[in-house]
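Reading the structure
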Amino acid sequence: MAIQQFDNELTIMRTGVSENKTPVINGLSSPKILLATLNSKYIHASLGLRYLYANLKDLQTSCEVKEFVIQTRPLDIVEQILASKPTIVGFGVYIWNIVETTNVVSLLKVIAPEVKVVLGGPEVSYESEAQAIVQASDYVLTGEADVSFYELCKDIIYNTAPDTKIIKSKPVDLKDLEMPYQYYSDEDLKNRLLYVEASRGCPFKCEFCLSSLDTKSNPYELTVFLDQMKTLYERGARNFKFIDRTFNLDINTSLQIMQFFLDRMTDDLYLHFEVVPDHLPRKLKEMLTQFPENTLQFEVGIQTFNQEVQANISRKQNNPKSKQNLIWLKENTTAHLHADLIFGLPGETFESFKDSFDQLYACKPHEIQMGILKRLKGSPIIRHTENFDLRFNPLPPFNILSTDRVDFATMQLVNRFARYWDMIGNSGRFKHTLAYLLTDNPFEDFMAITNWLFEETGQTHKINLKRLYELISQAVEALFPEKHQLVLPKIELDYTGSQLKSVFNTLNLYAGQKKEVIRPSKLLQRQKQHMQ
């Protein structure tokens, strides 16, 4: 289902050229451009599409923007795209939507081969030629396409399009770009995450990340950017997610942006930043202490504390300073701390990753996001493929399957750990239980719980929350029997906080207390409905 369409788009489209020079394409004298992407969830609003739309100049009145979600059937998406009668369709392609977008493009070209399909985005900007979606499309714009998409559309409309399918976008000067923020609709402001950027690029060279290909971080002119934020704020925006890779790189800029929001503080204001963990000067600390609760979220990339691995991936990080800053943030601010680790990096072992997890857990961030290394097309991590025997999934999301130091079975084990940790540790639903249950060896303790849960359920998804509380109690009884009676009040405290309707003492908290629930077979349910 289409979930967003710009409020100011026109029903009757024009190209802005004089009548006697109106170009003809596919038999239509008024070409129509459609910009589309498939978001992972409705709450995400595409900043990239809005940049393209903002910089279409005289073609903007001929353009419509539609956003979909990846759960929608490709046939339904194609139907809605063709309902707009487009002559050119541009798709934003990312690692999270490559499969679904490939299906949409393939169907679109079968049903309406005359429609010109233009691809852009990081997933098609590298290793492009061999990809099925590229083969099915007409053009691919690699790199930042804010300007090159407009130029290609003009060329297509005037029948001067290049012969080559894959076109490298020229570098973009940020001061020449039109800002996209006015194209967030009122519904976006009310119901969706608003992505904003005060800078593009990253000066660091971490090889697992595409941003390592950048030469530096390029800031927007700050007064222009803050004017845009002021307009959004005055329209009612209260949820801002900064996608800058290194928000606290330039402290003076960081301070001005944070002061801007401090001066406009409301109960519902929420800001999300990605920060460098070892760079927290005194002035920034002083300002951070002024933000009230439920206002700030920091995404802190740790990835690994293993110095050998850090050197392998060209990551410069002061580990002691990073840990010191995390602890300071937890103890002196109300910011929600989301810290990242990556398993499967070249040179990382199960034991060294366990050590990184334990060190990070001791810093007490609110969440530890355990990512599994993914092979992003174009990222320099592939230079280690032979030396470390890196074996990646050939299918999206291109996750690491094994290395010379981590076999496939161990990789699966850590995958399950990560899933259960997200469900139990990061959810905040077991904060009293885990704080009591996990010892000085939290990774080892939780791995025991992981193994028990998977052996008991065979599931890492779709576990009912009530049942999860029961399973945690039963796991503690089986694994740490000396703690079970002491941890039950903690589980009850967490259960009460979950606001589930069932009374706590009705739960199956003991393994021997399990009840066999007899349910009627679903096999003939449909047939039985006709017999009643």
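What counts and how
- Residues numbered from 1 in each chain as written.
- Predicted model: local features only at pLDDT ≥ 70, side-chain atom pairs only at ≥ 80, totals over all residues.
- Heavy atoms only, no water.
- Helix = DSSP H or I, 4+ residues; strand = E, 2+ residues; numbered from the N terminus.
- Rg over C-alpha atoms; globule rule 2.2 N^0.38 Å.
- Buried < 20%, exposed > 50% of the residue type's maximum accessible area, 1.4 Å probe, protein only.
- Contact = heavy atoms within 4.5 Å.
- Areas by Shrake-Rupley, 256 points an atom, 1.4 Å probe, with all protein chains shown as cover.
- Core = buried A, V, L, I, M, F, W, Y, C linked by side-chain atoms within 4.5 Å.
- Phe/Tyr/Trp six-rings, centres within 6.5 Å; stacked < 30°, edge-to-face > 60°.
- Salt bridge = Lys/Arg side-chain N within 4 Å of Asp/Glu carboxyl O.
- 1 Å grid on protein atoms, 1.4 Å probe; cavity = no way out; pocket = protein on both sides within 12 Å on 5 of 7 lines; lining within 4 Å.
- Points joined across faces, edges and corners; volume = space filled by probe spheres on them.
- Nonpolar A, V, L, I, M, F, W, Y, C, P; charged D, E, K, R; others polar.
- Lys, Arg positive; Asp, Glu negative; His and termini not counted.
- pLDDT = per-residue confidence, 0-100.
- Pairing = 2+ DSSP bridges.
- Axes fitted to C-alpha atoms, helices over the stretch in contact; angles between N-to-C directions.
- Expected span 1.5 Å × (residues − 1).
- Arc of directions from axis to C-beta.
- Right-handed = clockwise from strand over helix to strand, strands pointing away.
- Polar contact = N/O pair within 3.5 Å; in protein donor to acceptor, adjacent residues only side chain to side chain.

Glancing now at the overall build of the protein chain. In terms of helices and strands, the protein chain carries 18 helices and 16 strands. Computed over the C-alpha atoms, the radius of gyration of the protein chain is 26 Å, within 12% of the 24 Å expected from 2.2 N^0.38 for a compact globule of 532 residues. Its C-alpha atoms give the protein chain principal-axis dimensions of roughly 85 × 75 × 55 Å. Within the span of the protein chain, comprising 532 residues, buried residues form 51% of the whole. Long-range pairs, those at least 24 residues apart, make up 73% of the contacts in the protein chain between residues at least 6 apart in sequence. With the model as given, the accessible surface of the protein chain reaches about 25800 Å², and the carbon-plus-sulfur share is 51%.

Moving on to the nonpolar core. Counting 110 residues, the largest nonpolar core has Phe225 and Phe298 as its most contacted members. Top element by residues in this core is helix H13 (residues 408–424). It accounts for eight residues. Of all hydrophobic cores here, the second largest spans 23 residues; its members include Leu56, Leu59, Ile88 and Tyr183.

The tally for this structure, following the rule as stated, stands at 27 aromatic pairs. Where Phe357 meets Tyr361, the ring centres are 6.4 Å apart and the plane angle is 15 degrees; that geometry is what we call stacked. With Phe357 and Tyr361 both in helix H12 (residues 350–362) and four residues apart, this pair spans about one turn of that helix. For Tyr361, a relative accessible area of 15% puts it in the buried group. For the ring pair Phe417 and Trp421, a centre distance of 6.4 Å and an interplane angle of 15 degrees mean the geometry is stacked.

Below, the discussion takes up the pattern of salt bridges. This structure, assessed with the given rule, holds 26 salt bridges. Put simply, Arg375 and Glu127 hold a salt bridge, and the shortest N to O gap is 3.1 Å. Highlighted residues: Arg375 in the loop between strand E14 (367–372) and strand E15 (391–392) and Glu127 in the loop between strand E4 (116–120) and helix H4 (132–136), separated in sequence by 248 residues. The partner of Asp268 in a salt bridge is Arg238, and the shortest N-O contact between them spans 3.8 Å. Here the residue Asp268 occupies a position in the loop between helix H8 (251–262) and strand E11 (270–275), and Arg238 occupies one in the loop between helix H7 (222–234) and strand E10 (239–242), the gap between them amounting to 30 residues.

Counted under the stated rule, the structure contains two cavities of 30 Å³ or more. Size it by volume and the largest cavity reaches roughly 40 Å³. Around the largest cavity, the lining residues are Val275, Val276, Pro277, Leu280, Val300, Ser322, Asn325, Leu326 and Leu329. Tallying contributions element by element places helix H11 (residues 319–332) first for the lining of the largest cavity, with four residues. There is about 30 Å³ of room inside the second largest cavity. Around the second largest cavity sit Phe247, Asn248, Met258, Val275, Leu284, Leu288 and Phe298, which together line it. Partitioned by chemical class, the residues of the lining of the second largest cavity number six nonpolar, one polar and no charged.

What follows concerns the layout of surface pockets. In this structure, the second largest pocket encloses a volume near 390 Å³. Taken together, 15 residues line the second largest pocket, and the ones lying closest to its centre are Lys330, Pro365, His366, Gly425 and Lys431. Mapped onto the lining of the second largest pocket, the elements with two or more residues apiece are E14 and helix H14 (431–437). Looking at the lining of the second largest pocket, the element that brings in the most residues is H14, giving three residues. Class assignment of the residues belonging to the lining of the second largest pocket gives a composition of six nonpolar, five polar and four charged.

So, on to the side chain of Glu367. Structurally, the position occupied by Glu367 is in strand E14. Despite its burial, Glu367 pairs with no opposite charge, the nearest such side chain being Lys241 at 10 Å. Glu367 has contacts with His336, Leu337, His338, Ala339 and Asn426, leaving out every residue within four places of it along the chain.

What follows covers the confidence of the model for the protein chain. Per-residue pLDDT for the protein chain averages 92, and the proportion of residues at 70 or more is 91%. The model gives residues 1–22 a pLDDT under 50, and that stretch makes 54 contacts with residues more than four places away or in other chains.

With parallel pairing, six strands are arranged side by side in an open sheet as E7-E10-E11-E12-E13-E14. The outermost strands of the open sheet, each flanked by one partner alone, are strand E7 (194–196) and E14. On average, each strand axis in the sheet is inclined to that of its neighbour by 25 degrees, with strand direction left out of account. In this fold H8 packs onto E10, E11 and strand E12 (296–303), with an angle of close to 170 degrees to the strand it touches most, E10.

In this chain, Pro396 is followed by Pro397 through a cis amide linkage whose omega measures 10 degrees. Mapping Pro397 onto the fold places it in the loop between E15 and strand E16 (400–402). Residue Glu127 is not a glycine yet carries a positive backbone phi of 50 degrees. The backbone of Asn294 shows a phi angle near 65 degrees, a positive value even though the residue is not glycine. Along the polypeptide, Asn294 turns up in the loop between helix H9 (282–288) and E12.

With that settled, the discussion passes to helix H3 (residues 98–111). With 14 residues, H3 extends 20 Å between its outermost C-alpha atoms, agreeing within 8% with the 20 Å of an ideal straight helix rising 1.5 Å per residue. For H3, the full list of buried residues reads Ile98, Thr101, Thr102, Val104, Val105, Leu108 and Lys109. Mapping the buried residues of H3 onto a view down its axis gives an arc of 165 degrees, with all of them on the same face. Close packing links the buried residues of H3 with strand E1 (33–39), helix H2 (74–83), strand E3 (88–92), E4 and H4.

A word on the pairing of E14. Residues in a regular strand project their side chains so that they alternate between the two faces of the sheet. Pairing of strand E13 (residues 336–343) with E14 involves six bridges; the strand directions are parallel. In the sheet register, Phe343 faces E14, and the bridge partner there is Ile372. Once the chain exits E13 it traverses H12 before rejoining the sheet at E14, and the crossover so formed is right-handed.

By the element assignment, His44 lies in the loop between E1 and helix H1 (47–54). In this structure, the C-alpha to C-alpha distance between His44 and Asp188, residues 144 residues apart in sequence, is 9.1 Å. Not counting residues within four places of it along the chain, the set of residues in contact with His44 comprises Asn39, Glu67, Arg192, Leu193 and Tyr195. Of note is the side chain of His44, whose polar atom sits 2.6 Å from the side chain of Tyr195.

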